[in-house]
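Here's the letter readout for the chains.
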Amino acid sequence: MPLIDTANAFIELFAQPVRAVDSGSLAGLTFAAKDNIDVEGRITGNGNPVWRRAHGPAAAHAPVVARLLAEGAVLAGKTHMDEFAYSLMGTNAHYGTPLNSAAPDRVPGGSSSGSASAVGAGLVDFALGTDTGGSVRLPASFNGIFGMRPSHAAIDMGGVVPLGPGFDTLGWFARDAGTLARVGRALGLAGEADFSVAWLPSDIWTGVDPGLAALLRPMAEKVAARFSKTVTDPLPIVGPEERSEVYRFWQGYDAWKVLGSWVEAHDAELGPDIAARFAAARSISDETFARVDATRRDIARTMDAALANGLVMIIPTAPGPAPLRDSSREMFEAYRQQALGILSVAGHAGLPQISMPAGKMDGGPVGLSVIGRRGSDGALLDLVERL
């Protein structure tokens, strides 16, 4: 029976799904790929029609796609995304907004919007996304599903259109922890769960909406109970506003370096939010980048040291449920900046993070996250699978 896209999740739903083998660790599972990831013979559209018209079909699968196919998974199609992956809300001025099946009146989150939507709607078993500032973790929280951002550089980024290479990672979504872990193992993220201390940073937990903290606390304590010790020390790094600012300038500078010349040369027709973001990125000076780079390096060093001795951090994934679809641009931007204060902790330090569904607030799903030291991806997947 052909798959019907009931969620506006796909930019291209293949008439003949792509398969390589009939056996393997992922045999029997279907998946989708975000439209900034190469699939042989298909155009990688990157969320923008000008980009799509300017590029021909990919000559080969991205290594991550080839590996999943070699493990027996079947590729159903390419999913919608925010333009150039440069947003967190899941809206696209050219292609519309995929459905958040868990909260249809709310945005699905982005930039991996279609991938999250496809998994949330049950159209595929798992889906690939990319996460620069939170583009897997935030949609996972918004759609009430699982989402993994691996350690930076843990998965080959070949065949993926970059946004900010210093933050870019390949991640994925699933509706259950078993499938999330199964995909991670197929991608080589093996490991034993060797965490011994649960860390619930007091500044993050007191910095979010009290109702959200109260909702998530029982699940956080359930996770913490698996360990011999719980600590609540605040994060030993700069606060959320500065973390967000450092991310915005560092990633914007990086984005303009890799995409700015193409945007200028093609006079790309951008949605208003994305156009404003690129305009801001263009104006970031070398001096500003040097300043925020020093802060980012300090965050990474400090977080490496803080997580070195078996700690696993447990925090809210996002400030709250997804904004309503009809929210103003100003509301979307305010939410984005608040979310980056939380999401950028793992991003700045290149840490693996998994968002797990943890309930609903005001009718919208919210997620709880676990974060481990760099390279602890397999252990983190084992932990979540065993909860």
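See the structure printed just above.
The structure displayed is predicted, hence computed values, not measured ones.

**Student:** Before we go on, may I ask you to explain empty space enclosed by the protein in this structure?
**Tutor:** In total, this model carries two cavities of 30 Å³ or more according to the counting rule given. In this structure, the largest cavity occupies an estimated 70 Å³ of space. Surrounding the largest cavity, Ala85, Tyr86, Ser87, Leu88, Thr132, Gly133, Ser135, Leu163, Tyr247, Gln251, Arg336 and Leu340 form its lining. Each residue belonging to the lining of the largest cavity can be placed in one class, and the counts come to six nonpolar, five polar and one charged. Taken as a whole, the second largest cavity encloses approximately 40 Å³ of empty space. In terms of lining, the second largest cavity is formed by Asn36, Ala85, Thr130, Thr132, Met157, Val160, Val161, Pro162, Leu163, Asp168 and Thr169.

**Student:** Help me understand the sheet that holds strand E8 (residues 229–231), please; the structure alone is not making it clear to me.
**Tutor:** What holds strands together in a sheet is hydrogen bonding between their backbones, with the strands either parallel or antiparallel. Across the sheet, which stays open at both edges, the 11 strands sit in the order E1-E3-E2-E4-E6-E5-E10-E11-E9-E7-E8 with mixed pairing between neighbours. The open sheet has two free edges, formed respectively by strand E1 (10–18) and E8, since each of these has just one partner strand. Each strand of the sheet is rotated relative to its neighbour by a mean of 25 degrees, with strand direction disregarded. Strand contacts of helix H12 (residues 377–386): strand E5 (146–149), strand E6 (169–174), strand E9 (311–316), strand E10 (353–361) and strand E11 (364–371), with the helix running at about 30 degrees to E10, the strand carrying the most contacts.

**Student:** Looking at this structure, how should I read the packing of aromatic side chains?
**Tutor:** Two aromatic rings are characterised by how far apart their centres lie and by the angle between their planes. Counted by the stated rule, this structure contains 12 aromatic pairs. With a centroid separation of 5.0 Å and 75 degrees between ring planes, the pair formed by tyrosine 86 and phenylalanine 278 is classed as edge-to-face. Taken together, the residues tyrosine 86 in the loop between strand E3 (74–79) and helix H3 (113–120) and phenylalanine 278 in helix H9 (residues 272–282) connect sequence positions 192 residues apart. Both residues of the pair, tyrosine 86 and phenylalanine 278, belong to the buried class. Grouped by ring-pair contacts, the aromatic residues Trp51, Phe84, Tyr86, Trp256, Trp262 and Phe278 constitute a single cluster. When the ring centre of tryptophan 205 is taken as reference, the NZ or CZ atom of arginine 217 above it lies at 4.6 Å. Residue placement shows arginine 296 over the ring face of tryptophan 250; its charged tip is 4.5 Å from the ring centre.

**Student:** Got a minute to help me understand the layout of surface pockets in this structure?
**Tutor:** Unoccupied space between atoms shows up once a probe the size of one water molecule is rolled over them. Approximately 490 Å³ is the volume attributed to the largest pocket. Breaking the lining of the largest pocket down by element, the ones donating at least two residues are helix H8 (240–266), H9 and helix H11 (329–349). Here the element with the most residues in the lining of the largest pocket is H9; it accounts for seven residues. Class assignment of the residues belonging to the lining of the largest pocket gives a composition of 11 nonpolar, seven polar and eight charged.

**Student:** Whenever I open this one, helix H10 (residues 286–306) confuses me. Can you help?
**Tutor:** Between its first and last C-alpha atoms H10 spans 30 Å; for 21 residues at 1.5 Å apiece the expected length is 30 Å, and the two agree. Residues of H10 that are buried: Thr288, Phe289, Val292, Asp293, Thr295, Arg296, Ile299, Ala300, Thr302 and Met303. The inward-facing, buried residues of H10 abut strand E7 (197–199), H8, E9 and H11.

**Student:** Explain the nonpolar core here, please?
**Tutor:** Side chains of a nonpolar character, in soluble globular proteins, are inclined to be buried together. Core analysis: the largest hydrophobic core is formed by 76 residues, its most contacted members being Val64, Leu68, Trp172 and Met303. With six residues, helix H7 (residues 210–224) is the largest single contributor of residues to this core. Counting residues in hydrophobic clusters, the runner-up holds 20 residues, among them Val246, Ile284, Phe289 and Ala322.

Cut-offs and rules
- Residues numbered from 1 in each chain as written.
- Predicted model: local features only at pLDDT ≥ 70, side-chain atom pairs only at ≥ 80, totals over all residues.
- Heavy atoms only, no water.
- 1 Å grid on protein atoms, 1.4 Å probe; cavity = no way out; pocket = protein on both sides within 12 Å on 5 of 7 lines; lining within 4 Å.
- Points joined across faces, edges and corners; volume = space filled by probe spheres on them.
- Nonpolar A, V, L, I, M, F, W, Y, C, P; charged D, E, K, R; others polar.
- Pairing = 2+ DSSP bridges.
- Helix = DSSP H or I, 4+ residues; strand = E, 2+ residues; numbered from the N terminus.
- Axes fitted to C-alpha atoms, helices over the stretch in contact; angles between N-to-C directions.
- Contact = heavy atoms within 4.5 Å.
- Phe/Tyr/Trp six-rings, centres within 6.5 Å; stacked < 30°, edge-to-face > 60°.
- Buried < 20%, exposed > 50% of the residue type's maximum accessible area, 1.4 Å probe, protein only.
- Lys NZ or Arg CZ within 6 Å of the ring centre and 35° of its normal.
- Expected span 1.5 Å × (residues − 1).
- Core = buried A, V, L, I, M, F, W, Y, C linked by side-chain atoms within 4.5 Å.

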